[in-house]
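Secondary and tertiary structure notes
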Amino acid sequence: MNPQAKLIFTSSLLLGTTITISSNHWVMAWTGLEINTLAILPLISKSHHPRAIEAATKYFLVQATASTLVLFASMTNAWATGQWDITQLTHPVSCTILTSALAMKLGLVPFHFWFPEVLQGSPLTTGLLLSTAMKLPPIALLFMTSPSLNPTLLTTMAILSAALGGWMGLNQTQTRKILAFSSISHLGWMTIILTYNPKLTLLNFYLYALITAAVFLTLNIIKAMNLPALMTMWSKTPSLNAMLLLTLLSLAGLPPLTGFLPKWLILQELTKQDMAPTATIMALLSLLSLFFYLRLAYCATITLPPHTTNHMKLWHTNKPVNTSVAILVTTSAMLLPISPMIHTIV
């Protein structure tokens, strides 16, 4: 892709996200979401492969529908209350429509079907943007409207997301699809705590974005699109593969790694809210995702590939690992000891 075009699209992504996060008026928030959608479409379809074009079309249709629903929710609220302010969303019908619209934008169950398909059709770097940066504006809108939203609806969607995200990822062999279902599962954890402690939702999102960025960039360096390709990577970059094991276990939420912190705090907060059964269900559902993270980690580091004669041997590279990847991988494994400081900041 032309560097100037890439610069324009990246700047537009930053602009759209900034407009949505900093706006008070619904129309400005909608404008930011639209700029974001239009800026990411060329990045999804840049390979001109039919799969990429299909992914871009699906993404456009879903995001356009969700944006229409956001406008409809805000107009219904303005019609009933005379308020265009984001934080003044009080009409119950508007709240329900907005929850559905933002769930569609994020890929929460039952609006999750588009996300794995779009991620599978995109390059890994665009997949990283779709999993992290593109989720920030809708999560910011959920954060701003959280006092008005229906807790029962959000809890139901969250439990279903954690269940289906873990369950549907079990059978996958494509790394991008596995990360898509992982994203759906993590969104469940972010949504369940939204009405009780919105700051924990943001903390979970930040740490999820950090760890996912480390996984996506590592897979991009070793060019592993599926599990068989991942199995042959131990000979190419052994140190990076060893760190990928820790990063995947951190994404699964195992102590003493960074990913344990948000799960720990969310379970603690749910118990404080007299929702111990819900906390138990969420903890048990995280075991489903743990299985496929362990499968990825096992393929990356422990096994030798079967039928070695069928695989082309990869040369060991002495090229140093990208500094940003090294920093991301380290922080995604080692932030738990400073969790009191992180908790006070957030």
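Residues numbered from 1 in each chain as written. Predicted model: local features only at pLDDT ≥ 70, side-chain atom pairs only at ≥ 80, totals over all residues. Heavy atoms only, no water.

An unreviewed UniProt entry lists the protein under the name NADH-ubiquinone oxidoreductase chain 2, from Pardaliparus venustulus. Heading Function (unreviewed entry) of the UniProt record for the protein holds this comment: "Core subunit of the mitochondrial membrane respiratory chain NADH dehydrogenase (Complex I) which catalyzes electron transfer from NADH through the respiratory chain, using ubiquinone as an electron acceptor. Essential for the catalytic activity and assembly of complex I." The annotation that UniProt attaches to the protein under Catalytic activity (unreviewed entry) is "a ubiquinone + NADH + 5 H(+)(in) = a ubiquinol + NAD(+) + 4 H(+)(out)". (UniProt positions renumbered as here; feature names shortened; annotations may be inferred.)

Focus on the overall build of the protein
Along the backbone of the protein there are 16 helices and zero strands. A compact globule built from 346 residues should have a C-alpha radius of gyration of about 20 Å, and the protein, at 20 Å, falls within 12% of that. Its C-alpha atoms put the protein at 70 × 50 × 35 Å along the principal axes. Counting all 346 residues of the protein, 52% fall into the buried class. Counting only contacts in the protein whose residues sit at least 6 apart along the sequence, the fraction spanning at least 24 positions is 77%. Element-wise, carbon and sulfur atoms account for 71% of the exposed surface of the protein, whose accessible area totals about 15,200 Å². (Helix = DSSP H or I, 4+ residues; strand = E, 2+ residues; numbered from the N terminus. Rg over C-alpha atoms; globule rule 2.2 N^0.38 Å. Buried < 20%, exposed > 50% of the residue type's maximum accessible area, 1.4 Å probe, protein only. Contact = heavy atoms within 4.5 Å. Areas by Shrake-Rupley, 256 points an atom, 1.4 Å probe, with all protein chains shown as cover.)

Focus on the domain arrangement of the protein
Quoted interface sizes are often the accessible area lost when the parts come together. Each domain of the protein was delimited in the assignment, giving domain 1 (1–122) and domain 2 (150–345). The straight-line distance from the C-alpha centre of domain 1 to that of domain 2 is 24 Å. The partner domain 2 presents 19 residues to the 17 residues of domain 1 that form the contact. In total, domain 1 and domain 2 occlude about 1,500 Å² of area from one another, counting both sides; carbon and sulfur atoms represent 73% of this. Here domain 1 and domain 2 share one salt bridge between them. Glu 117 is the salt-bridge partner of Lys 177, the closest N and O atoms lying 3.5 Å from each other. One can count five residue pairs in polar contact (both at pLDDT 80 or more) joining domain 1 with domain 2. Within the residue set of the side of domain 1 that touches domain 2, elements represented by two or more residues are α4 (92–106) and α5 (114–120). Here the residues of the side of domain 1 that touches domain 2 are counted per class, giving nine nonpolar, six polar and two charged. (Domains from an automatic or database assignment. Buried area = accessible area lost by both parts, 1.4 Å probe. Salt bridge = Lys/Arg side-chain N within 4 Å of Asp/Glu carboxyl O. Polar contact = N/O pair within 3.5 Å; in protein donor to acceptor, adjacent residues only side chain to side chain. Nonpolar A, V, L, I, M, F, W, Y, C, P; charged D, E, K, R; others polar.)

Some words on the packing of helix α9 (residues 175–192) against helix α13 (residues 260–272)
Put simply, α9 and α13 touch, their axes get as near as 10 Å, and they point 40° apart. Here α13 runs oblique to α9, going by the angle between their axes. For the crossing formed where α9 meets α13, the hand is left-handed. Here α9 contributes His 186, Trp 189 and Ile 192 to the contact with α13, which in turn contributes Lys 263, Ile 266, Leu 267 and Leu 270. In terms of residue class, the contact of α9 with α13 is made up of five nonpolar, one polar and one charged. (Axes fitted to C-alpha atoms, helices over the stretch in contact; angles between N-to-C directions. Parallel < 35°, antiparallel > 145°, perpendicular 65-115°, else oblique. Left-handed = near helix turned anticlockwise from the far one by under 90°.)

Quick word on the packing of aromatic side chains
The geometry of two aromatic rings is summed up by the distance between their centres and the angle between their planes. Taken as a whole, this structure holds five aromatic pairs when the rule is applied. In this arrangement the basic side chain of Lys 135 is found over the ring face of Phe 115, its NZ or CZ atom lying 3.9 Å from the centre. The aromatic ring of Trp 189 is capped on one face by Lys 263, whose charged end is 5.1 Å from the ring centroid. (Phe/Tyr/Trp six-rings, centres within 6.5 Å; stacked < 30°, edge-to-face > 60°. Lys NZ or Arg CZ within 6 Å of the ring centre and 35° of its normal.)

Notes on the UniProt feature "domain: NADH:quinone oxidoreductase/Mrp antiporter transmembrane" (unreviewed entry) in the protein
This chain's UniProt record puts "domain: NADH:quinone oxidoreductase/Mrp antiporter transmembrane" (unreviewed entry) on residues 23–288. Helix makes up 75% of residues 23–288 and strand 0%. Its end C-alpha atoms lie 38 Å apart.

A look at the side chain of Thr 278
Along the chain, Thr 278 turns up in helix α14 (residues 276–302). Among all residues touching Thr 278, those that are not within four sequence positions of it are Thr 155, Ile 159 and Ile 192.

Topic: the nonpolar core
In globular proteins that are soluble, nonpolar side chains generally tend to be buried together. Grouped together as the largest cluster of nonpolar side chains are 101 residues, with contacts concentrated most on Tyr 59, Leu 130, Leu 219 and Leu 230. Two domains each put at least three residues into this core: domain 1 (1–122) and domain 2 (150–345). The residues touching Tyr 59, leaving out its near neighbours within four places in the chain, are Thr 37, Ile 40, Leu 41, Ile 44, Trp 114, Val 118, Leu 130 and Met 134. (Core = buried A, V, L, I, M, F, W, Y, C linked by side-chain atoms within 4.5 Å.)

Some words on the UniProt feature "transmembrane region" (unreviewed entry) in the protein
According to UniProt, the feature "transmembrane region" (unreviewed entry) maps to residues 59–79, 91–115, 152–171, 178–196, 202–222, 242–261, 281–304 and 325–345 in the numbering used here. Structurally, residues 178–196 is divided into 79% helix and 0% strand, and its ends, taken at the C-alpha atoms, are 29 Å apart.

Observations concerning the pattern of salt bridges
Taken as a whole and judged by the stated rule, the model has four salt bridges. For Lys 58, the salt bridge is made with Glu 117, and the minimal N-O distance between the two is 3.9 Å. Placement of Lys 58 in helix α3 (residues 50–81) and of Glu 117 in helix α5 is noted, with a sequence separation of 59 residues between them. A relative accessible area of 29% means that Lys 58 is categorised as partly exposed. Because the salt bridges share partners, they merge into one network encompassing Arg 51, Glu 54, Lys 58, Glu 117 and Lys 177.

Observations concerning helix α6 (residues 124–131)
Of all eight residues in α6, six are buried, a share of seventy percent or more. Inspection of α6 places Leu 124, Thr 126, Gly 127, Leu 128, Leu 130 and Ser 131 among the buried residues, and these make up the whole buried set. Buried residues belonging to α6 abut α2 (26–44), α3, α5, α9 and α10 (198–222).

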